[in-house]
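Chain residues, written in single-letter form:
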Amino acid sequence: MLNHRNLENWRDTDFSFTILWASGFTFEFTQTAPSEAASPTGFIAGIALAILAFKGFTTITNSGGEVVEPEKNVGRAIMISLGICLIVYMTVALAVGSTLSIGEIAAAKDYALAEAARPAFGEYGVWFTVAVAIIATASGLLASVFAVSRMLAMLTDMNLIPHRHFGMPGDIQKHTLVFTVIAAGLLAAFFDLSRIASLGAIFYLVMDMIIHWGVYRHLKDDVGAKGWILLSAIILDLIVLGAFLTMKAASDPMIIVISFAGIAGFFALEKYYLAHRRSDSKLETETTKHSH
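About the criteria used
Residues numbered from 1 in each chain as written. Predicted model: local features only at pLDDT ≥ 70, side-chain atom pairs only at ≥ 80, totals over all residues. Heavy atoms only, no water. pLDDT = per-residue confidence, 0-100. Helix = DSSP H or I, 4+ residues; strand = E, 2+ residues; numbered from the N terminus. Contact = heavy atoms within 4.5 Å. Axes fitted to C-alpha atoms, helices over the stretch in contact; angles between N-to-C directions. Parallel < 35°, antiparallel > 145°, perpendicular 65-115°, else oblique. Nonpolar A, V, L, I, M, F, W, Y, C, P; charged D, E, K, R; others polar. Buried < 20%, exposed > 50% of the residue type's maximum accessible area, 1.4 Å probe, protein only. Left-handed = near helix turned anticlockwise from the far one by under 90°. Phe/Tyr/Trp six-rings, centres within 6.5 Å; stacked < 30°, edge-to-face > 60°. Salt bridge = Lys/Arg side-chain N within 4 Å of Asp/Glu carboxyl O. Core = buried A, V, L, I, M, F, W, Y, C linked by side-chain atoms within 4.5 Å.

1. As for the confidence of the model for the protein
- Looking at the protein as a whole, the pLDDT averages 78, with 79% of positions reaching at least 70.
- Ranking the elements of the protein by mean pLDDT puts helix H1 (residues 4-22) last, at 52, and helix H9 (residues 227-251) first, at 92.
- Contacts from residues 1-10, a stretch scored under 50 in pLDDT, to residues over four places away or in other chains number 33 contacts.

In structure tokens:
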């Protein structure tokens, strides 16, 4: 079982190999980075964004209830998914690095692969790469949106988050699908791609640490998890997050403020909602007892 992003990414791999073939399969970068630019903090901070590139495997876990023999096949699908992503990203990096200089890559930003295709294939190569990127991005977005809406519907059924249908027809998952798309649209309207990626990296790392800590404290024995693996993951997440925040504090401190304000706001709203639900449940229980 593979997620949609991986299937589309094979197209990028094929085109990357084509670019490598046109460049003579040298597997050599056209320019090396200056030593002062390759600081340990910068390298570790880059891992935070790399984590987002591999996050597609979470789509698999959200579909675990529909997988045959999930105890075996979910883990297998995740490893296959990560392996495909690794092949794709390595071939893209080699194709771009063997064709463009670091300055050209920085100038191209999100269109680096398209620019790498220009010397070998001209404008047709650029447009083909852009078309493939649009298809792959749309596929990944659709898969992520449906996965997130499924998770939100599950949390709603568990009475862990509030829900209002606002007069919309259909089941809860259709409603959460609409809410997810609206939230994504608002992010796209108010933040550029680099800031959205920074928000996602900070949120994802914080969430990952909280989940690992929760499993360690409450579910370790139930799911057969090894404590040292969970604690190691928390420490590694903390190191990456610290390096990323250090880099962002120097270049874009406002995104740190926005991120942690958002996290604090979510915690406050969730705490209020759960406390309100407990009060309502307690009142309902007492009312039921008195009626008998």
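2. Side note on the packing of helix H2 (residues 40-53) against H9
- Where H2 meets H9, the closest approach of the two axes is 8 Å, and the angle between their N-to-C directions is 110°. Classed by the angle they form, the pair H2 and H9 counts as roughly perpendicular. Within the contact between the two elements, H2 uses Thr-41, Gly-42, Ile-44, Ala-45, Ile-47, Ala-48, Leu-49 and Ile-51 and H9 uses Ile-239, Val-240, Ala-243, Phe-244, Thr-246 and Met-247.
- When the residues that make up the contact of H2 with H9 are grouped by side-chain class, the tally is 11 nonpolar, three polar and no charged.

3. Some points on unusual backbone geometry
- Located in the positive-phi region is Asn-159, a residue other than glycine, with phi close to 60°.
- Mapped onto the elements of the fold, Asn-159 is located in the loop between helix H6 (112-157) and helix H7 (172-190).
- Residue classification places Asn-159 among the partly exposed residues on the basis of a relative accessible area of 37%.
- Not every positive phi belongs to a glycine, and Phe-166 is a case in point at roughly 50°.

4. Observations regarding the packing of helix H8 (residues 193-223) against H9
- Packing of H8 against H9 brings their axes to within 9 Å, and their N-to-C directions diverge by 160°. Looking at the two axes, H8 sits roughly antiparallel to H9. The handedness of the crossing between H8 and H9 is left-handed. For the pair formed by H8 and H9, the contact residues are Ser-198, Ala-201, Ile-202, Leu-205, Val-206, Asp-208, Met-209, His-212, Trp-213, Val-215, Tyr-216 and Lys-220 on the first element and Gly-227, Leu-230, Leu-231, Ala-233, Ile-234, Asp-237, Leu-238, Val-240, Leu-241, Phe-244, Leu-245 and Lys-248 on the second.
- Looking at the contact of H8 with H9 residue by residue, the class counts come to 17 nonpolar, three polar and four charged.

5. Considerations on the packing of aromatic side chains
- Within this structure, the stated rule accounts for three aromatic pairs.
- Look at Phe-166 and Phe-179: their rings are 6.0 Å apart centre to centre, the planes differ by 90°, and that puts the pair in the edge-to-face class. Highlighted residues: Phe-166 in the loop between H6 and H7 and Phe-179 in helix H7, separated in sequence by 13 residues.
- Take Phe-179: its relative accessible area is 29%, and that puts it in the partly exposed class.
- Each ring, one from Phe-203 and one from Phe-266, has its centre 6.2 Å from the other, and the planes form 80°; the classification is edge-to-face. On the criterion of sequence distance, the pair formed by Phe-203 in helix H8 and Phe-266 in helix H10 (residues 253-291) is long-range, its members being 63 residues apart.

6. Comments concerning the pattern of salt bridges
- Per the counting criterion, the structure on display carries two salt bridges.
- Two residues, Arg-195 and Asp-252, come together in a salt bridge whose shortest N-O distance is 2.8 Å. One end of the pair, Arg-195, is in helix H8; the other, Asp-252, is in the loop between H9 and H10, and 57 residues separate them in sequence.

7. Observations concerning the side chain of Thr-180
- Its place among the elements puts Thr-180 in helix H7.
- Overall, the relative accessible area of 12% leaves Thr-180 in the buried class.

8. Focus: the nonpolar core
- Counting 20 residues, the largest nonpolar core has Ala-48, Ile-202, Leu-241 and Phe-244 as the members making the most contacts within it.
- Looking at this core, the elements that each hand over two or more residues are H2, H8, H9 and H10.
- Looking at which element gives the most residues to this core, the answer is H8, with seven residues.
- Filtering out sequence-adjacent residues up to four positions away, Ile-202 remains in contact with Leu-241, Phe-244, Leu-245, Ser-259, Phe-260 and Ile-263.
- Among the nonpolar cores identified, the runner-up in size contains six residues, and Val-96, Leu-100, Ala-108 and Leu-113 belong to it.

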